[in-house]
Structures are given as C-alpha cells and as structure tokens.
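Residue-level structural notes
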Amino acid sequence: MSAANCLLTADQFLCSICLDVFTDPVTIPCGHNFCKTCITQHWNVNFPSQCPNCKEVFNSRPELRVNTFISEMAAQFRQSAQQKASSSSSEKQAAKPGEVPCDVCTGTKLKALKSCLVCLDSYCETHLEPHLTRSGMKRHQLIDPVENLEGRMCTKHDKLLELFCKTDQMCVCMLCTVLDHKNHDVVPLKEEYEGKKAELGKTETEIQQMIQKRRLKIQEIKHSVELSEEDADREIADGVQVFTALMESVERRMNELIDTIKEKQSKTEKQAEGFIEELEQEISELKKRSTEVEQLSRSEDLLHLLQSFRTLNTAPPTKNWTGVRVSPPSYEGTVVRAVNRLVETISKQMKKLPEAELKRVQQSAVDVTLDLDTAHCHLILSGDGKQVKHGDVGNNLPDNPERFDCFISVLAKQRFSSGRFYYEVQVKGKTQWTIGVARESINRKGIITPTPQKGYWTMWLRNENEYKARDDPSVCLSLKSRPQKVGVFVDYEEGLVSFYDVDAAALIYSFTGCCFTEKLYPFFSPCNNYGGKNSAPLIISPVNHTE
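A brief look at the structure comes next. (Residues numbered from 1 in each chain as written. Predicted model: local features only at pLDDT ≥ 70, side-chain atom pairs only at ≥ 80, totals over all residues. Heavy atoms only, no water.)

Scanning the protein from N- to C-terminus turns up nine helices and 21 strands. Its C-alpha atoms give the protein a radius of gyration of 56 Å, more than 25% over the compact-globule value 24 Å for 547 residues. When its C-alpha atoms are laid out on the principal axes, the protein stretches across 190 × 100 × 35 Å. A separation threshold of at least 6 residues defines the contact pool for the protein, and within that pool the share at least 24 residues apart is 57%. (Helix = DSSP H or I, 4+ residues; strand = E, 2+ residues; numbered from the N terminus. Rg over C-alpha atoms; globule rule 2.2 N^0.38 Å. Contact = heavy atoms within 4.5 Å.)

This part covers the sheet that holds strand 3 (residues 114-116). Ordered in space as 4-3-5, the three strands form an open sheet in which the pairing is antiparallel. At either margin of the open sheet sits one strand with a lone partner, and together these are strand 4 (121-123) and strand 5 (142-143). Of the pairings in the sheet, the one linking strand 3 to strand 5 comprises two bridges and is antiparallel in character. Note on strand 5: the bridge partner recorded for Ser-115 is Ile-143. (Pairing = 2+ DSSP bridges.)

Burial along strand 21 (residues 538-541) is two-sided: the residues Leu-538 and Ile-540 and Ile-539 and Ser-541 are all buried. Examined bridge by bridge, strand 10 (residues 387-390) and strand 21 share two bridges and lie antiparallel to one another. Within strand 21, the residue paired with Val-388 across the bridge is Leu-538. Direction of pairing for strand 12 (residues 420-426) relative to strand 21: antiparallel, over a ladder of three bridges. Counted as the bridge partner of Gln-426 is Ile-539 from strand 21. (Buried < 20%, exposed > 50% of the residue type's maximum accessible area, 1.4 Å probe, protein only.)

Another aspect to go through is the packing of aromatic side chains. Under the definition given, this model contains twelve aromatic pairs. Seen in terms of ring centroids, Tyr-509 and Phe-511 are 5.2 Å apart; in terms of plane orientation they differ by 85 degrees. Their pairing is edge-to-face. A relative accessible area of 16% places Tyr-509 in the buried class. Taking the relative accessible area as the measure of exposure, Phe-511 reaches 1% and is therefore buried. Counting every residue linked through ring pairs, the aromatic cluster contains Phe-404, Phe-407, Tyr-456 and Phe-523. Here the basic side chain of Lys-319 rests over the ring of Trp-321, its NZ or CZ set 4.7 Å away from the ring centre. (Phe/Tyr/Trp six-rings, centres within 6.5 Å; stacked < 30°, edge-to-face > 60°. Lys NZ or Arg CZ within 6 Å of the ring centre and 35° of its normal.)

Formally, a disulfide is one covalent bond, and it connects the sulfur atom of one cysteine to the sulfur atom of another. For the structure shown, the criterion picks out zero disulfides. Left without a disulfide partner, Cys-119 is nearest to the cysteine sulfur of Cys-116, which lies 3.6 Å away. Judged by its relative accessible area of 23%, Cys-119 is partly exposed. Free of any disulfide, Cys-171 has its nearest cysteine sulfur in Cys-165, 10 Å distant. Owing to a relative accessible area of 38%, Cys-171 belongs among the partly exposed residues under this scheme. (Disulfide = S-S within 2.5 Å.)

Here the focus is the pattern of salt bridges. According to the stated counting rule, one finds 19 salt bridges in the structure shown. Measuring nitrogen to oxygen at the nearest pair gives 2.3 Å for the salt bridge that ties Asp-231 to Arg-234. Note that Asp-231 and Arg-234 are positioned in helix 7 (residues 189-297) at a spacing of three residues, about one turn of the helix. Under the relative-accessibility criterion, Arg-234 is labelled partly exposed at 41%. Where Glu-294 meets Arg-298, a salt bridge forms, and the shortest distance between an N and an O atom there is 2.5 Å. A residue is classified by how much of its surface remains accessible, and Arg-298, at 63% relative accessible area, is exposed. Connected through shared salt-bridge partners, Asp-231, Arg-234, Arg-420 and Asp-491 make up one network. (Salt bridge = Lys/Arg side-chain N within 4 Å of Asp/Glu carboxyl O.)

Now the structure itself:
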C-alpha cells in the first residue's frame with residue numbers, strides 16, 4: 001500500500017468541490033468521486049442533479065454510499081500529507097506580520113502566494129497547486145495575495161464586484177447594474193483597470209519628467225554654485241593681489257621714511273663724532289702742555305727755566321670752538337612727503353581697479369540688435385539693426401502694441417530673464433540720448449517718464465553736458481570727461497544695472513537693489529535731431545575686451 005500510495009498524486013485525493021482531501025468520499029454513477037457533504041450540498045442548490053466535473057445529468061438523485069476503499073486511501077494520504085506539511089512547514093517560512101497568510105493551512109500559517117477571486121481564499125505554494133493543475137480551477141482568476149477578499153464582494157448582493165460604474169465612480173456587481181445602477185455607464189473592471197492603469201502610467205511618466213527636470217535644476221544650481229565659487233575665488237585673488245600691492249607700497253614707503261630719518265641722524269652722529277675726536281685731540285695736546293708747564297714751574301734751575309720758557313710760551317695750534325654747533329637734523333615735511341608718495345602709488349593702483357572691473361563685466365557681452373517692431377515711426381534703423389537715429393519724416397509703420405508712439409525710443413530684439421549681460425553703445429557726436437534697460441510690461445504709448453518705478457533703468461544726456469541717472473529721484477552725474485562709448489551691465493539676480501565710460505574704464509553710476517521679475521530688454525533713445533544738432537546715430541558697438 002505504501003508503494004502504491006507513492007505513485008498516487010494529490011489531485012486523486014482532492015474533492016473538486018471543496019479542494020481538500022476527501023471526507024466520506026462517495027462515487028456517483030459517472031464514476032467521479034466527491035465528499036458526501038459537498039455533493040449533497042451541491043445538489044441541494046443546483047437542479048437537476050448533474051456531475052460537477054463531466055456535467056452528466058441524472059434523472060433522479062443517485063443514492064450515495066461511502067466508497068470504503070477510497071476512504072481508506074484518502075485517510076492514509078491525509079495522514080501522509082499532514083506529516084509532509086508538518087515537516088515542510090518547519091522548512092518553509094511562516095507568514096510574517098504584514099504578509100498574507102494561507103487560508104487553508106492548519107497550525108502554522110504559511111505565506112500565501114496567490115489569492116483566488118472565485119474561491120475568495122489565499123493559498124500557499126502547497127495549497128495553490130490544484131489551481132495550477134486542475135482544468136476546472138485553472139479558469140479561476142488568481143491575483144497577488146491580498147487580505148480581506150470578502151471586501152471584493154458586493155455587500156448588498158453578495159456577488160463578486162466585477163464591474164465599474166463610471167457614473168458613480170464605484171465598483172459594482174451584476175445585480176447592481178440591474179437595480180441601483182440601472183442605465184448607468186458600466187464597464188468591466190478590466191476595462192476600467194486598463195484605463196486607470198494607462199492614466200497611472202501617464203501620471204508616472206509626468207512625475208518622472210518632473211523628477212528629471214528637478215534633477216537637472218539641481219545640476220544647474222550646483223553648476224551656478226561652482227561658477228559662483230570660481231567668481232568668488234577669482235575676486236578674492238584679485239583683492240588679495242591689490243591689497244598685497246598696497247601693503248607692500250605702505251611697507252616700502254615706511255622703510256624709505258625710516259631710512260631717510262636714519263640717514264640724517266647718521267650724518268649728524270658722524271659730524272658730532274668728528275668734532276669730538278678733534279676736541280679730544282686738542283685736549284690731549286693741552287694736557288701734555290699743562291704737564292710741561294707744571295714741571296717747568298717747579299724747576300729751580302734759573303738757566304733751564306729761562307731757556308725753556310721761550311719754547312713753552314708758544315701755544316699749540318687750537319681751533320676756536322665758540323661758533324661750532326651740532327644742530328639736530330630737520331625732519332619737517334619728511335613724513336608728509338612720504339605719505340604723499342604713498343598716496344600717489346595708491347592712486348595708481350586705484351586707477352587699475354575700474355579697468356579690472358570693466359574687464360570682468362565685458363566677459364558677459366551679448367549680441368544686441370534693434371527691433372523694428374518697437375521703434376517709434378520717426379526712427380531710422382540701419383539694415384543690420386545696430387544703429388538708430390531720428391528722422392524728420394515719419395515711416396509708414398503699423399501701430400502695433402509693441403511700438404512706442406510718443407517716446408522716441410526702440411527696444412532690442414533680445415530679452416533676458418536671468419544671469420548677466422553687457423553691451424556697449426557709441427554716443428559720440430550726440431548732444432542728447434537715453435540708454436539702459438526696460439522691463440517687458442512697460443507702457444509704450446503716450447508720454448513716458450523713464451524711471452525704475454515705471455520699469456526703466458536708464459541714464460541720459462541733455463544739453464550737451466547735463467548727465468543724469470533716471471533714478472527716483474534723478475541723480476545728477478559729474479563726469480571728468482564726456483563719454484564717447486557707454487557700457488551697460490546687468491546682473492539680473494543681483495538686481496544691478498551699471499553704466500561705464502568705456503574709454504576711461506570708469507564706473508559712471510549703478511542702480512542697486514533692483515527687484516527684477518520680468519524679462520528685460522536693452523533700451524535706446526537717440527532723441528530728437530534738433531535740426532541736425534543731434535543727428536549722429538546711437539551705434540551698438542562690438543565689445544573690444546580691455547587688455
């Protein structure tokens with residue numbers, strides 16, 4: 001029996017109704033076997049009586065008798081299966097918290113691999129086998145294991161939720177469509193599932209695109225930080241170089257001052273040492289004569305005294321020291337002269353700073369061309385869009401919203417909403433002009449006051465030598481020389497607009513603390529030509545980087 005049992009498969013001892021090992025197995029006339037309780041309940045519900053497997057119909061309900069042979073075989077198989085399950089359960093992993101347990105396992109509940117939407121049960125690897133091998137059960141819909149399979153049943157009609165009502169946006173059963181959701185837009189769950197899955201796929205794609213854009217933005221920000229660090233390092237290096245040169249100049253001038261004072265003092269000391277040495281020599285000679293006089297005065301030899309007195313009476317040569325003085329050296333003006341020389345050196349260094357600054361901003365040079373669609377009808381633009389001047393006769397141009405109708409002005413085609421940009425305009429030969437930048441939303445119709453409050457950051461020339469920055473209020477500018485070429489620099493994020501005298505490499509004026517929220521356009525106004533006195537054009541010049 002044991003050898004025969006080993007040749008039998010699990011399917012041969014499973015009831016196709018309860019999917020478990022036979023309990024009181026009975027054989028019906030067609031030859032198929034079922035648990036007595038299972039087939040009895042099946043026939044109580046379904047009429048006429050027929051075999052659940054082969055569908056053979058019996059005119060009268062067959063009399064059911066337990067098949068003792070199969071019963072004994074099933075009992076032995078059950079015992080063997082329990083022993084195998086007991087031994088394998090120790091090897092297989094029990095369901096952990098959060099995992100779906102098998103509904104069929106007795107004792108230790110193993111982790112379920114699949115859930116059946118027909119049986120409304122979840123199965124481990126062992127108990128799932130009939131769904132994978134038996135033809136009748138292969139048609140059951142299996143899904144990844146989930147808990148609360150009863151929740152997939154309609155609570156009102158106790159039927160499987162297999163439809164979706166688009167009208168009420170909810171899952172329904174077949175009876176719901178006839179009763180509560182009659183005439184509603186109802187589709188199979190799979191159809192709605194595929195539609196929603198497609199939407200989720202689209203949403204996921206959009207999310208991934210958003211993620212990618214933000215990753216690119218992170219890279220952009222990191223790159224900006226790197227550029228900022230490079231600018232900071234370069235600025236620090238330039239600053240250290242300038243201040244090092246200044247400190248070296250201060251130290252050099254200080255050492256020169258000390259050396260000058262010490263040299264004067266040294267000369268005074270050498271002069272005094274010469275005088276002292278000469279005086280000490282005379283003192284030595286005088287002491288010698290004093291000794292001779294003293295010795296001679298003590299002599300009692302009349303002849304010797306008289307003979308020696310004549311030579312002794314001749315005094316040794318000495319200097320008249322009455323008018324000799326050692327005057328301290330004059331230091332009047334020494335420190336002042338040293339400081340003045342230091343100031344001259346610092347001034348030379350200071351003159352180099354604007355040149356360095358202009359060189360830096362010129363690195364942000366952009367190509368700018370004039371936009372005819374914004375030009376006042378009396379303005380004449382060159383074919384390349386680089387020059388503009390005022391003409392006495394108006395052009396026949398459409399009065400579009402972008403065009404200035406009263407203010408004799410024109411904007412550039414280029415617009416900027418971030419970063420830095422710089423351009424240069426030749427103003428040579430003009431007596432009046434206005435240049436700068438303007439935001440996109442400026443009013444271009446009627447009389448305009450070009451101030452920051454109105455969206456303009458400009459400087460102008462009036463009456464040949466009256467320069468102003470059109471701030472709030474306007475600032476009069478005192479310039480050492482008339483600019484022939486003006487550079488305009490904008491740092492959007494910093495809120496900075498600066499104007500430079502390019503030839504003098506000098507900063508003219510800066511608007512600071514600006515809050516830019518729109519696109520900025522380079523702005524130009526050659527002003528009226530006043531009968532030819534101001535006929536020279538404004539010329540957008542190529543930037544020649546200063547050496």
